[in-house]
Amino acid sequence: MEKLKTIFSKFNDFLSYQIIESESIHITVGTFLSIVIAIVVVTYLLRIVHNLVVKKLPVSDKNKFVSIFSFLKYLFYVLVITVILHSSGVNLTVLLTASAALFVGLGFALQTLFQDIISGVMMILDQSIHVGDIIEVEGKVGKVFEIRLRSTRALTRDDKVLIIPNHIFLTNTIYNYTQNYNTTRESLVVGVAYGSDVQLVTKILEEIATDQMGVLRDPPPFVQFDDFGDSALVFSLNFFIEDGFRVPRMRSEMRYKIDDQFRKNGVTIPFPQRDVHFFQHGPIAMKKD
């Protein structure tokens, strides 16, 4: 029994050993071990919660939860450490006051980082951007494949990765092609020479759109006679698709077909033309060499 008391007393002395000791801060081995054990326990519990929640979420929402979870994980760590230090008698007010200047400096240095993180949380909560959305940012079009806490990643039409800081989504105007539906309306503009059979042009364009792979039959494609241009009659071929990411390739395929059908049916796509009129009040002087 005496040996147990001796061992317990030595163990208690070991836990009470001061690692950091000052007028207002006293951190013992016991406090340090408590922090380590608490972090291990919290990590294990968070992992269980993460696995339970992720199993019930659809695939499209898993990346969003991972981003929020990573933010909450660090927040829980800070809270646990703060509670343990406070319960151990550490005067946190002194620590905060002493490091106020450091926090201010870090705040200015990490201002953009915190702005990105907060913007990422807001994006995830208000559901403004989803994985799979087609967006246009600063003239670049991309399909979102990952939403992280600090940045969003999208794949452009030329297979390059576009990394977008999240604060841009809150401060800039972003075009989301698939915010309302996956179906989007696209258009292709073509001009024909004056004197062309407009009904024939309309029929050719509608048939090409109807036969084009990827163009939806419902709603059906339609043609608009947009304007009497300077050099041409301007038509727009409007069609609906479900994969707006392939629009440039589809427009190219349809332009090949339009050119072929116009040639077969005698429809001309004119060059820009200008009529120049000379007004003279007398004969034109001719210079001899």
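This text follows the structure it describes.
Chemist: Help me out: how do you make sense of the pattern of salt bridges in this one?
Modeler: When charged atoms on two side chains of opposite charge get close, those side chains can pair. In this structure the tally under the stated criterion is four salt bridges. Of the charged contacts, one joins D158 and K160 as a salt bridge, the two residues approaching to 3.5 Å between their closest N and O atoms. The exposure class of D158 is partly exposed, given its relative accessible area of 47%. Between R251 and E186 there is a salt bridge; the shortest N-O distance is 3.4 Å. Within this pair, whereas R251 is found in helix α9 (residues 247-264), its partner E186 is found in strand β8 (residues 184-192), the two being separated by 65 residues in sequence.

Chemist: Sorry if this is basic, but what is going on with the sheet that holds strand β10 (residues 233-241) here?
Modeler: Strand pairing within a sheet occurs via backbone hydrogen bonds; the two strands may be parallel or antiparallel. An order of β8-β10-β9 is seen for the three strands of this open sheet, with the pairing classed as antiparallel. Edge strands, defined here as strands with exactly one partner in the open sheet, are β8 and β9 (222-228). With strand direction ignored, the average angle separating the axes of adjacent strands in the sheet is 25 degrees. Taken together, the nine bridges between β8 and β10 define a ladder with antiparallel strand orientation. Along β10, the bridge assignment pairs V189 with S236. Taken strand by strand, helix α8 (residues 198-211) contacts β8, β9 and β10, and its axis lies near 25 degrees from that of β10. Helix-sheet contacts for α9 involve β8 and β10, and the interaxial angle to β8 is about 35 degrees.

Chemist: How do you make sense of α9 when you look at a structure like this?
Modeler: Because an α-helix completes one turn every 3.6 residues, residues spaced three or four positions apart along the sequence face the same direction. Helix length check: α9, at 18 residues, gives a terminal C-alpha distance of 26 Å against a target of 26 Å (1.5 Å per residue), a fit within 8%. Its buried side turned inward, α9 meets β8, α8 and β10. The positive-phi residue at the C-terminal boundary of α9 is G266, with phi of around 70 degrees.

Chemist: I'm lost on the nonpolar core in this one. Help?
Modeler: In a soluble, globular protein the nonpolar side chains are often hidden away together inside. Counting residues in hydrophobic clusters, the biggest one holds 21 residues, and the most contacted among them are L205, F235, L237 and F262. Where this core is concerned, the elements lending two or more residues are β8, α8, β10 and α9. Residues within four places of L237 in sequence aside, it is in contact with E186, S187, L188, L205, E206, A209, F222, V223 and M254. Grouped together as the second largest cluster of nonpolar side chains are 12 residues, I135, V137, I168 and F169 included.

Chemist: What is the right way to look at the environment of P219 in this model?
Modeler: Note that P219 resides in the loop between α8 and β9. Among the residues examined, P219 registers a relative accessible area of 32% and is labelled partly exposed. Separated by 22 residues in sequence, P219 and I241 have C-alpha atoms that sit 9.4 Å apart.

Chemist: Just to check I follow, could you spell out the environment of V83 for this structure?
Modeler: Along the chain, the position of V83 falls in helix α3 (residues 59-87). Overall, V83 belongs to the exposed group, its relative accessible area being 54%. Separated by 48 residues in sequence, V83 and I35 have C-alpha atoms that sit 9.6 Å apart.

Chemist: Would you take a moment to explain the pairing of strand β6 (residues 161-165) for this structure?
Modeler: Side chains on a regular strand alternate between the two faces of the sheet. Burial of the side chains of β6 is restricted to one face: L162 and I164 are buried, whereas none of V161, I163 and P165 on the reverse face is. As consecutive antiparallel partners, strand β5 (residues 151-156) and β6 are separated by four residues, and within that stretch D159 has a phi angle of approximately 60 degrees, a positive value.

Chemist: Where do I start with the packing of aromatic side chains in this structure?
Modeler: Geometrically, a pair of aromatic rings is defined through the distance of the ring centres and the angle of the planes. Within the structure shown, the criterion is met by two aromatic pairs. Centre to centre, the rings of F225 and F228 are 5.2 Å apart; their planes meet at 50 degrees, and the pair counts as tilted. The class of F225 is partly exposed, set by a relative accessible area of 37%. The rings of F225, F228 and F235 are connected pair by pair, giving a single aromatic cluster.

Chemist: I'm lost on unusual backbone geometry in this one. Help?
Modeler: Glycine aside, the phi torsion of most residues is negative, and most peptide linkages are trans. Backbone torsion omega between D218 and P219 reads 0 degrees, so that peptide bond is classified as cis. Backbone geometry places E138, a non-glycine residue, at a positive phi of 50 degrees. Phi angles above zero are rare outside glycine, and D159 is one such case at about 60 degrees. Note on placement: D159 falls in the loop between β5 and β6.

Criteria and thresholds
- Residues numbered from 1 in each chain as written.
- Predicted model: local features only at pLDDT ≥ 70, side-chain atom pairs only at ≥ 80, totals over all residues.
- Heavy atoms only, no water.
- Salt bridge = Lys/Arg side-chain N within 4 Å of Asp/Glu carboxyl O.
- Buried < 20%, exposed > 50% of the residue type's maximum accessible area, 1.4 Å probe, protein only.
- Helix = DSSP H or I, 4+ residues; strand = E, 2+ residues; numbered from the N terminus.
- Pairing = 2+ DSSP bridges.
- Axes fitted to C-alpha atoms, helices over the stretch in contact; angles between N-to-C directions.
- Contact = heavy atoms within 4.5 Å.
- Expected span 1.5 Å × (residues − 1).
- Core = buried A, V, L, I, M, F, W, Y, C linked by side-chain atoms within 4.5 Å.
- Phe/Tyr/Trp six-rings, centres within 6.5 Å; stacked < 30°, edge-to-face > 60°.

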